[in-house]
Amino acid sequence: MTLQEFFGQLELLVCQASQRFAAVGDAAALEAARIEFLGARSGRLKQLQKALGQLPAADRPQAGQRFHQARQQVEEALAAAQARLAEHRKAIRSTELFDPTIPGLRPRLGHLHPISQTIEQLKEIMGRLGFSLADGPEVEDEWHNFEALNIPPEHPARDPLDNFYLATASHLAGGDAGPPMLLRSQTSTVQIRVMERQKPPIRIIAVGRVYRPDTPDQTHSPMFHQIEGLMVDRHVTMADLKSVLRMLGESYFHGEVHIRFRPSFFPFTEPSVEIDMSWQGRWIEMGGAGMVDPNVLRAVGYDPEQVSGFAFGLGIERLCMRQHGIDDIREFFRNDVRFLEQF
Ligand code: FA5
């Protein structure tokens with residue numbers, strides 16, 4: 001092949017490639033055209049490159065320069081075709097996506113978990129009775145969970161087998177372990193935190209998770225929720241406690257509720273009672289309560305001669321179960337949507 005013939009062939013190839021790329025209508029045709037002209041092994045440009053090697057040595061630099069230009073032109077034609085097809089696809093997609101006649105998909109709305117619903121109701125009821133919301137950490141020290149609540153070191157309630165003690169980072173590293181920490185076993189810890197900060201009169205509730213290594217069964221879960229109530233002022237009596245609990249019960253259950261106190265023992269209240277509530281003729285054990293022990297009042301710097309107070313702690317799951325007739329506490333934590341959807 002002469003140099004002139006080589007140039008002619010290149011001219012023809014660029015022209016044909018440009019026409020083919022400009023005419024393709026889909027990705028498959030474009031790919032076929034790409035292979036025909038630019039294919040690495042037997043593409044037409046590759047064939048001409050081989051022919052270039054056969055030209056007389058003196059012609060090769062000029063031929064090589066022209067060959068390089070031709071390859072660039074073919075590649076530009078390919079890129080232009082690719083861009084054109086992409087634009088086309090985008091345009092089709094946007095017209096396809098908007099069909100105003102297709103009925104819309106209604107997004108599935110979730111709702112609050114039944115326990116969260118109960119918590120919201122309890123906060124609202126107690127708010128109306130003048131109790132504000134207090135908060136405390138779920139990871140507690142022994143002072144707030146035990147000592148300040150009049151639970152001395154030898155008390156069985158502090159047994160590591162009855163509590164979730166935590167291994168802190170320094171415990172694990174084998175260094176200075178620091179004070180033992182545990183997941184709080186009752187919301188009564190918040191009573192102490194509030195009384196340490198505030199002077200009477202006090203009227204608070206604390207709501208939240210508590211943890212105990214109880215074996216799960218129909219009425220027990222190792223993690224559950226409590227609502228704690230605390231009222232400290234001059235002349236607060238057990239009668240106030242009973243009235244507040246009855247109002248709480250009647251507002252929550254929307255009906256007549258009877259409260260029964262059974263003598264009990266909590267180290268931080270004296271006297272102490274178990275609270276039973278009766279609604280629609282059935283008695284249920286709801287929690288513990290009592291008059292705040294003078295030792296606790298003293299531990300937070302109050303004068304038991306001047307102020308007295310009541311405190312109560314109710315199991316929130318128990319309230320919710322009673323209201324909705326749920327007979328297994330474990331349902332709350334299985335997260336089965338068929339159960340949760342019913343509330
Ligand atoms: C207490 O936790 C005391 N802090 C209550 C209290 C507060 C007494 C203030 C005096 C003054 P008790 O351990 O009985 O008490 O628990 C209270 C309620 O929590 C129980 O009546 C029950 O309704 C609920 N409860 C206890 N353990 C579990 C459990 N494992 N799963 C679900 N609910 C539980």
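What this report covers is the structure whose coordinates are included nearby. Predicted, not measured: the structure shown is a model, and the values here were computed from it.

The rules we used
Residues numbered from 1 in each chain as written. Predicted model: local features only at pLDDT ≥ 70, side-chain atom pairs only at ≥ 80, totals over all residues. Heavy atoms only, no water. Helix = DSSP H or I, 4+ residues; strand = E, 2+ residues; numbered from the N terminus. Buried < 20%, exposed > 50% of the residue type's maximum accessible area, 1.4 Å probe, protein only. Pairing = 2+ DSSP bridges. Core = buried A, V, L, I, M, F, W, Y, C linked by side-chain atoms within 4.5 Å. Salt bridge = Lys/Arg side-chain N within 4 Å of Asp/Glu carboxyl O. Polar contact = N/O pair within 3.5 Å; in protein donor to acceptor, adjacent residues only side chain to side chain. Expected span 1.5 Å × (residues − 1). Arc of directions from axis to C-beta.

Observations concerning unusual backbone geometry
Point 1. Between Pro200 and the following residue, Pro201, the backbone shows a cis peptide bond with an omega angle of 5°.
Point 2. Examined against the element boundaries, Pro201 turns out to sit in the loop between α8 (188–197) and β5 (202–211).
Point 3. Located in the positive-phi region is Asn150, a residue other than glycine, with phi close to 70°.
Point 4. Along the polypeptide, Asn150 turns up in the loop between α6 (142–145) and β3 (165–166).
Point 5. Look at Asn150 and you get partly exposed, because its relative accessible area is 26%.
Point 6. For His235, which is not glycine, the phi dihedral falls at a positive 60°.

Some details on the sheet that holds β3
Point 1. Strand order in the open sheet formed by three strands is β2-β4-β3, with antiparallel pairing between adjacent strands. The open sheet terminates on both sides in strands that have one partner only, identified here as β2 (139–141) and β3.
Point 2. Of the strand pairs in this sheet, β2 and strand β4 (residues 181–183) are connected by three bridges, and their pairing is antiparallel. Considered in β4, the bridge of Val139 is made with Leu183.

Let's talk about the nonpolar core
Point 1. Core analysis: the biggest nonpolar cluster contains 40 residues, and Phe310, Phe312 and Leu314 have the highest contact counts within it.
Point 2. For this core, the element with the highest residue contribution is helix α9 (residues 238–253), accounting for six residues.
Point 3. Formed by 25 residues, the second largest nonpolar core is a distinct cluster that contains Ala17, Val74, Ala81 and Leu85.

Looking at the pattern of salt bridges
Point 1. Applying the stated criterion across every chain yields a total of 19 salt bridges.
Point 2. For Arg66, the salt bridge is made with Glu11, and the minimal N-O distance between the two is 3.6 Å. Here Arg66, found in helix α4 (residues 60–97), pairs with Glu11, found in helix α1 (residues 3–23); they are 55 residues apart in sequence, far enough to count as distant.
Point 3. Residue classification places Glu11 among the partly exposed positions, given a relative accessible area of 46%.
Point 4. Of the charged contacts in the structure, one is a salt bridge between Glu87 and Lys90, with a shortest N-O distance of 3.8 Å. Linking Glu87 with Lys90, this pair stays in helix α4, spanning three residues, or about one helical turn.

Remarks on the side chain of Ser272
Point 1. Tracing the chain through its elements places Ser272 in strand β8 (residues 269–279).
Point 2. A residue is classified by how much of its surface remains accessible, and Ser272, at 5% relative accessible area, is buried.
Point 3. A distance of 3.1 Å separates a polar side-chain atom of Ser272 from the backbone nitrogen of Phe266.
Point 4. A polar contact is formed between the side chain of Ser272 and the side chain of Thr269, at a distance of 2.7 Å.

Looking at helix α5 (residues 114–128)
Point 1. In a regular helix each residue adds 1.5 Å, so 15 residues correspond to 21 Å; α5 covers 21 Å between its end C-alpha atoms and thus fits that length.
Point 2. Where α5 is concerned, the buried positions are Pro114, Ile115, Thr118, Ile119, Leu122, Ile125 and Met126. Buried residues of α5, seen end-on, are gathered within an arc of 140° and therefore sit on one face of the element.
Point 3. Looking at the residues trailing α5, positive phi occurs at Gly130, about 90°.

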